[in-house]
Amino acid sequence: MMPQTPAARVCSHCDGFPVVHITTGTTPDGQRRTLAATCPACKGTGIRRTLPAALARTGK
């Protein structure tokens, strides 16, 4: 049997879509302008990281 590695936890804030592009409109020549928005909780990784127990209790 092969050892199984635990699956990474998907960020609950962005649901695994850490970077999205928002359309801000079009230019006079018809091109679209977009802005990239990154999930503030996982900082664009898409993976939720758990805090060590000591930090979770104290809130630091």
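Residues numbered from 1 in each chain as written. Predicted model: local features only at pLDDT ≥ 70, side-chain atom pairs only at ≥ 80, totals over all residues. Heavy atoms only, no water.

**Q** Sorry, what's going on with the environment of Arg48 here?
**A** Among the secondary structure elements, Arg48 is positioned in the loop between β2 (32–38) and α1 (53–58). As a C-alpha pair, Arg48 and Arg9 span 39 residues in sequence and 5.5 Å in three-dimensional space. Apart from residues no more than four positions distant in its own chain, Arg48 is found in contact with Arg9, Val10, Cys11 and Ser12. (Helix = DSSP H or I, 4+ residues; strand = E, 2+ residues; numbered from the N terminus. Contact = heavy atoms within 4.5 Å.)

**Q** Help me out: how do you make sense of the confidence of the model for the protein chain in this one?
**A** Low-pLDDT stretches of the model should not have their predicted coordinates read in fine detail. Here the protein chain averages 79 in pLDDT, and 67% of its residues register 70 or above. Here α1 stands out as the element of the protein chain with the lowest mean pLDDT, 55, in contrast to β2, whose mean of 93 is the highest. (pLDDT = per-residue confidence, 0-100.)

**Q** Explanation requested: a nonpolar patch on the surface in the structure shown.
**A** A cluster of nonpolar side chains, namely Phe17, Val20, Ile22 and Leu35, defines an oily patch on the protein surface of about 410 Å² accessible area. Its location among the elements puts Phe17 in the segment before β1 (19–26). Judged by relative accessible area, which is 62%, Phe17 ranks as exposed. (Patch = residues over 30% accessible without salt bridge, like charges linked within 9 Å, V, L, I, M, F, W, Y side chains within 5 Å. Areas by Shrake-Rupley, 256 points an atom, 1.4 Å probe, with all protein chains shown as cover. Salt bridge = Lys/Arg side-chain N within 4 Å of Asp/Glu carboxyl O. Buried < 20%, exposed > 50% of the residue type's maximum accessible area, 1.4 Å probe, protein only.)

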